[in-house]
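Spelled out, the chains give:
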Amino acid sequence: MQQFFQALTTGLADGSIYASLALALVLIYKATEVINFAQGEMAMFTTYIAYALYTHPHFGHTLSYWPMFFVTLAIAFAFGVGLQRVVIRPLEQASVLTVVMATIALLVILQGLAAWIWSPELKFFPSPFPTSTWVIGGVHISKQDVGTFGVTIACVVVLWLFFRFTKLGLAMRAGAVNRAAARLMGVRTSWLLALGWGFAAVLGAVSGMMSAPTQFLSPTMMDAVLIFAFAGAVLGGLESPIGAVAGGLGLGVLLSMLSTYVHVITPELRLPVALLLLLVVLLVRPAGLFGRVVVRRV
Amino acid sequence: MPPLLELNDVSARYGPVAALHGVSVTVDDGEIVALLGANGAGKTTTLRAVSGMVRRTGDVVFAGRRLRGGPEATARAGIAHVPEGRGIFAELTVWENLRMGAYMRRGRPDLGTVLDYFPWLDARRNQQAGTLSGGEQQMLALARAFVQRPRLLMLDEPSLGLAPLVTRELFRVVADLNEKEGLAVLVVEQNAAIALRAARRAYVLETGNVAVSGTADALKANDSIRSAYLGY
């Protein structure tokens, strides 16, 4: 029992990190059919910014954790919007493949830039949560895991509320479905795409700041996380935001269970297992577990 | 009184292919005007040129102002364009589609008036728009355009793929909106007979030029025009 719940909470915590990055991928994919390969590096870069805000005195003082957290989210948002305006928007008329290549270029540039500015050596990144545990019915539950899960899922829920209940959120969904028609309703879709990049960057920043404490800060820290997130997104169906979240969480729990109970699966095998799963899903259900073929009548 | 919409010598091209060669069309306030002609005559392109969906030369003046900019700007100026293929948001619900029509308006949209004209929408509000029948989708597109509160409605081939009875119902609602709300309408149609019944005036396009124009009654009465251009 003890072992099971520990594996479950750790899995949910890891999974929530994959889920938020997977959601970021889906946000951009749904709007533009582009897989943003730079998503992980954007997350890494903003986490370095968080690190700088936290450790280096700016204007004479450093920020404590939560102010730093929210300032970082704001910077990440501006960063995402800026990237879309400067790098992606000029490619509006280009093919999807061209834009994907641009995101790969962005990946390399951001990774190199981070190593150049902050040096490639591992850095310690703080966690806002204590390392102690709660004991509930004899089961130890890590506060760190619960906190990570809570913060990440809270961000996802806020975003969901935005898309579900605001006019701007509705317009973003409409623009993703039929951009030309949205423009005919007076929607400035070009700006909404930038807004989508902003949200994706914020989700990335959350996943970066939540995963950095357990694995140290380095320019390549998000490489594996991005692949897990991608596997989670495909698992849920790239078209489905709920699927991406469920896929990310499910993948986290599954990997955690596997490494707890199946001793053959060492940490080195986590990534291959995730990719194997991705392959199997693509073979059996190409639209993903939550993906559905939209019904259209003519 | 100057016309509500005035196209002055408007040309447009898709890449190297010219689609319109200097078309001049006017629509008065509160008037229904039909754009007729065969496939490829430039009817759809004319609407797209007004909306800024295709690059154009020549003036488009709406309500005394020169239109410039893309479809967003045209919509904000007060023109609702129901494009070819209806432009429904298939994955959104019927109600969300209607709320999108009210995107440009401040505050909570009042969707009560639209239900006066399209009462059946109320029972379908939570249905995914893509699952509506073709006729219902066309009606939804019309309803959504009406929610935009435009001064001019542009309809692109509303009868395409619809049963005759559904087409008749659609044009009845268009006539209703025109009469009761004073909505001006510019409608593109291949089905000349039904369009001329609804319209006061019509233009017949041929290979990107206006070949004939006049009142609907005059066009209907002229047998040679009917057989040469309208095919009925």
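Fair warning: this is a prediction, and the values are worked out from it, not measured in the lab.

Let's shift gears to the overall build of chain B. Helix and strand counts for chain B stand at 9 helices and 10 strands. Projected onto the principal axes, the alpha-carbon positions of chain B cover approximately 50 × 40 × 35 Å. For chain B, buried positions account for 54% of its 232 residues. Considering only residue pairs separated by 6 or more positions, chain B has 69% of its internal contacts joining residues 24 or more positions apart. With an accessible surface of roughly 9900 Å², chain B has 47% of that area assigned to carbon and sulfur atoms. Computing the positive centroid from 27 side-chain charges and the negative centroid from 24, chain B places the two 5 Å apart.

Residue and element names in this part refer to chain A. For the pair helix α10 (residues 241-261) and helix α11 (residues 270-284), interaxial distance at closest approach is 11 Å and the crossing angle is 130°. Classified by the angle their axes make, α10 and α11 are oblique. Handedness of the crossing formed by α10 with α11: right-handed. Where α10 abuts α11, its residues Leu251, Leu254, Leu255, Ser256, Leu258 and Ser259 lie against Arg270, Val273, Ala274 and Leu277. Of the residues assigned to the contact of α10 with α11, the class counts are 7 nonpolar, 2 polar and 1 charged.

Attention shifts here to the interface of chain A and chain B. With 26 residues of chain A at the contact, the number on the chain B side is 34 residues. When chain A packs against chain B, close to 2700 Å² is buried across both sides, 58% of that on carbon and sulfur atoms. If you look at where chain A meets chain B, you find 4 salt bridges. Among the salt bridges present, the one from Glu96(B) reaches Arg164(A), with a minimum N-O distance of 3.9 Å. Joining chain A to chain B, the criterion identifies 6 residue pairs in polar contact (both at pLDDT 80 or more). Of all the secondary-structure elements, those providing two or more residues to the side of chain A that touches chain B are α6 (167-177) and α7 (179-184) of chain A. The greatest single-element share of the side of chain A that touches chain B, amounting to 7 residues, is contributed by α6(A). Tallied by class, the residues present in the side of chain A that touches chain B amount to 13 nonpolar, 4 polar and 9 charged.

All names here are of chain A. Where helix α1 (residues 2-32) meets helix α9 (residues 222-236), the closest approach of the two axes is 8 Å, and the angle between their N-to-C directions is 70°. With respect to each other, α1 and α9 are oriented roughly perpendicular. Where α1 crosses over α9, the two elements pack in a sense that is right-handed. Taking contact as the criterion, the partners of Ile17, Tyr18, Leu21, Ala22, Leu25 and Val26 in α1 are, on α9, Met222, Val225, Leu226, Phe228, Ala229, Phe230 and Ala233. Of the residues belonging to the contact of α1 with α9, the class tally is 13 nonpolar, no polar and no charged.

This part covers the pairing of strand β4 (residues 56-62) of chain B. Moving residue by residue along a regular strand, the side chains alternate between the two faces of the sheet. Residue and element names in this part refer to chain B. Two elements, strand β1 (residues 5-14) and β4, share 6 bridges in a ladder whose sense is antiparallel. Bridge assignment links Leu5 to a residue of β4, and that residue is Phe62. Bridging between β4 and strand β5 (residues 65-66) involves 2 bridges; their strand directions are antiparallel. The residue of β5 that forms the bridge with Phe62 is Arg65. The loop that links β4 with its antiparallel partner β5 comprises 2 residues; one of these, Ala63, has a positive phi angle of about 50°.

Another point: α6(A). Structural remark: α-helix, 3.6 residues per turn; residues separated by three or four positions point the same way. Among the residues making up α6(A), those that are buried are Gly169(A), Leu170(A), Ala171(A), Met172(A), Ala174(A) and Gly175(A). Buried residues belonging to α6(A) abut α5 (143-165), α7 and α8 (189-215) of chain A together with α3 (94-101) of chain B.

All names here are of chain B. Counting buried positions along strand β8 (residues 184-188) gives 5 out of 5 residues, so the element sits mostly inside the fold. Neither face of β8 is open: one carries Ala184, Leu186 and Val188, the other Val185 and Val187, and all of them are buried. Relative to β8, strand β3 (residues 32-37) is paired through 4 bridges, and the arrangement is parallel. Bridge assignment links Ala34 to a residue of β8, and that residue is Val187. Bridge count for strand β7 (residues 152-156) against β8 is 5 bridges, and the pairing is parallel. Within β8, the position partnered with Asp156 by the bridge is Val188.

Rules used throughout
Residues numbered from 1 in each chain as written. Chains lettered and ligands numbered in written order. Predicted model: local features only at pLDDT ≥ 70, side-chain atom pairs only at ≥ 80, totals over all residues. Heavy atoms only, no water. Helix = DSSP H or I, 4+ residues; strand = E, 2+ residues; numbered from the N terminus. Buried < 20%, exposed > 50% of the residue type's maximum accessible area, 1.4 Å probe, protein only. Contact = heavy atoms within 4.5 Å. Areas by Shrake-Rupley, 256 points an atom, 1.4 Å probe, with all protein chains shown as cover. Lys, Arg positive; Asp, Glu negative; His and termini not counted. Charge placed at Lys NZ, Arg CZ, Asp CG, Glu CD. Axes fitted to C-alpha atoms, helices over the stretch in contact; angles between N-to-C directions. Parallel < 35°, antiparallel > 145°, perpendicular 65-115°, else oblique. Left-handed = near helix turned anticlockwise from the far one by under 90°. Nonpolar A, V, L, I, M, F, W, Y, C, P; charged D, E, K, R; others polar. Buried area = accessible area lost by both parts, 1.4 Å probe. Salt bridge = Lys/Arg side-chain N within 4 Å of Asp/Glu carboxyl O. Polar contact = N/O pair within 3.5 Å; in protein donor to acceptor, adjacent residues only side chain to side chain. Pairing = 2+ DSSP bridges.

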